[in-house]
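# Fold and geometry: a report
Chain by chain, the residues:
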Amino acid sequence: MSRETEARARRPAPKTGTGPRGGRDTERRHALEVFPKRDITIVKGSGAEVWDDRGRRYIDCVAGIGVASVGHANPAVAKALAEQARTLVTCPGIFYNDVRARLLEKLASVAPPGLSRGFLCNSGAEAVEAAIKFARLATGRTGIVSAVRGFHGRTLGALSATYRKEYREPFEPLVPDFSFAPFNNPGKLREAVGVGTAAVLIEPVQGEGGIRPAGADYLLAAREICDETGALLVLDEIQTGFCRTGRMFACERHGVVPDMLCLAKGIAGGVPLGAVLANDRIRPPPGRHGTTFGGNPLACAAALAAIDFMEAERLGERAEQLGARFRERFEARLPARVRAVRQVGLMIGVELGEACRPYIEALAERSVLALAAGTTVIRLLPPLVIAEEQVDEVTEALAGVLG
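What this report covers is the structure whose coordinates are included nearby. (Residues numbered from 1 in each chain as written. Predicted model: local features only at pLDDT ≥ 70, side-chain atom pairs only at ≥ 80, totals over all residues. Heavy atoms only, no water.)

### Side note on the overall build of the chain
This is how it is decided: Note on conventions: DSSP H or I runs of at least 4 residues are helices, E runs of at least 2 residues are strands, and numbering of each starts at the N terminus. Each radius of gyration is computed over the set of C-alpha atoms, and the globule rule expresses the reference value as 2.2 Å times the number of residues to the power 0.38. Remark: exposure states derive from per-residue accessible area (1.4 Å probe, protein chains only) relative to the maximum for the residue type, with buried under 20%, exposed over 50%, and partly exposed in between. Pairs of residues are marked as contacts when any of their non-hydrogen atoms sit within 4.5 Å.
Secondary structure summary: the chain contains 14 helices and 17 strands in total. Expected size for 403 residues packed as a compact globule is a radius of gyration near 22 Å; at 21 Å, the chain falls within 12% of this value. Structurally, the chain occupies a C-alpha span of about 55 × 55 × 45 Å along its principal axes. By residue count, 54% of the 403 residues in the chain fall in the buried class. Counting contacts in the chain only where the partners sit at least 6 residues apart, residues at least 24 apart contribute 72% of the total.

Listed below in structure tokens is the structure:
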């Protein structure tokens, strides 16, 4: 990483300009509270750090749930947004657009071979919804097989492919013809896929499921099973894509190329954008799907700047190196209550033998923000621009609260 980027990751706290509790009380009065809130109001960010409304600084290992991969307030993304906002903010898909065209070309250039076409939307769940529809159109079949512990989103189609019953049951009946097979079990997957299967939908690393990487044998078997049965292989890289796991896309670690790749989160430096990249087998006819905001020039400009930054700063290599640094240092003083450490690049899960929520709260007291993945796994998804000393600070804090 360049010295300039390292310096940005460590720059001093910006002025917040807001009074204590100003944001949270207003939000409590007016928001439909679908999120279990923490008592922190984030008002500023820079690199791998954020500040609350009291001026307290945190190392952010939430990063918008894996979104802020190029860092908060990334100057390249901010510049691209400002310039594009003065030029053209929105342009529907019924017209061609130069910025959208450049992004589609860029995505095709960084994607696994053969994924040369794309559909742009606004979020990961929308990308999954589109992939489900495209799979049914392309195959004439309806069945979707996904994995136990998998998470693909909260809209009704994506939710139908999501495993945990607490997400699903309040909204049943869901979309029919969805089923689940055990993760990392090629034999059970083979049993689950048949002549009625339109697609197999899996994550190369399960995020919400506890940071569980798919084995090479499992992904290769999934590709083989789909080829044999005529089903499509859809990989959900919404959380793993764009350098998070040490590669531009996690499937590249095992040389597995899907028929469709679902993307979002880190794609545009924090600006809402999702995408489905597809091979030539996927040809939805005009009028069968659409989006008002998807592929708008503002989001596309942000994505172009973010991806260029990832490549120029070699963030995939950085994620690989810093993830290994964390693991080596943390395991050298491994607390007894830790059952397992699962890490691929800067996608890290620390599994405990008890509920993780109290330790996530204790980490916040030590100025580190972290996530849960299920009830027992502490999940760390820091910006990929995080500095080495910030990684060490996170390691010390985590070992401290767990020890």
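### Thoughts on the sheet that holds strand 17 (residues 377-380)
Applicable threshold: The pairing criterion is simple: DSSP has to find at least two bridges between the two strands. To obtain an axis, a line is fitted to C-alpha atoms, over the contacting stretch when the element is a helix, and the angle between two such axes runs from 0 to 180 degrees between their N-to-C directions.
Across the sheet, 4 strands lie side by side as 13-14-17-16; this open sheet has antiparallel pairing. The open sheet has two edge strands, strand 13 (338-344) and strand 16 (371-372), and neither has a second partner. In this sheet, strand 17 lies alongside strand 16 in antiparallel orientation, the contact comprising 2 bridges. Across the sheet, residue alanine 372 finds its bridge partner in strand 17, namely isoleucine 378. Packing of helix 12 (residues 315-331) onto the sheet brings it into contact with strand 13, strand 14 (347-352) and strand 17, and relative to strand 13 it is tilted by some 165 degrees.

### Quick word on the nonpolar core
Filter applied, for reference: We define a nonpolar core as any set of buried Ala, Val, Leu, Ile, Met, Phe, Trp, Tyr and Cys residues linked to one another through side-chain atoms lying within 4.5 Å.
Ranked by internal contacts, the top residues of the largest apolar core, which has 86 residues, are Ile378, Leu398 and Leu402. For this core, the leading source of residues is helix 11 (residues 297-312), giving 11 residues. With sequence-adjacent residues up to four places away left out, leucine 398 is seen in contact with Phe326, Phe330, Val350, Leu363, Ile378 and Leu380. Core analysis: the second largest hydrophobic core is formed by 25 residues, Phe119, Phe134, Ile144 and Val276 among them.

### Quick word on the environment of glycine 194
Looking at the element boundaries, glycine 194 is found in the loop between helix 9 (186-192) and strand 7 (197-202). Remark: the alpha-carbon pair of glycine 194 and glycine 230, spanning 36 residues in sequence, is separated by 8.8 Å. If we skip the residues at most four places from it in the chain, glycine 194 touches Arg141 and Thr229.

### Quick word on the packing of helix 4 (residues 75-85) against helix 11
When two helices pack together, their arrangement is given by the angle between their axes and by how far apart the axes lie. To keep things clear, this is the line we draw: When an angle is under 35 degrees it counts as roughly parallel; over 145 it counts as roughly antiparallel; between 65 and 115 it counts as roughly perpendicular; any other value is oblique. A clockwise turn of the near helix away from the far one marks a right-handed crossing, whereas an anticlockwise turn of less than a right angle marks a left-handed crossing. Gly counts as polar in this scheme, as do all residues outside two lists: the nonpolar Ala, Val, Leu, Ile, Met, Phe, Trp, Tyr, Cys and Pro, and the charged Asp, Glu, Lys and Arg.
Running from N to C, helix 4 and helix 11 cross one another at 150 degrees; their axes reach a closest spacing of 8 Å. One way to sum up the angle between helix 4 and helix 11 is to call them roughly antiparallel. Pair helix 4 / helix 11 crosses with right-handed handedness. Between helix 4 and helix 11, the residues in contact are Ala76, Val77, Ala80, Leu81, Gln84 and Ala85 and Pro297, Leu298, Ala301, Ala302, Ala305 and Ala306, respectively. Among the residues forming the contact of helix 4 with helix 11, the class breakdown is 11 nonpolar, 1 polar and no charged.

Without other data, these values stay purely geometric and don't point to any function.
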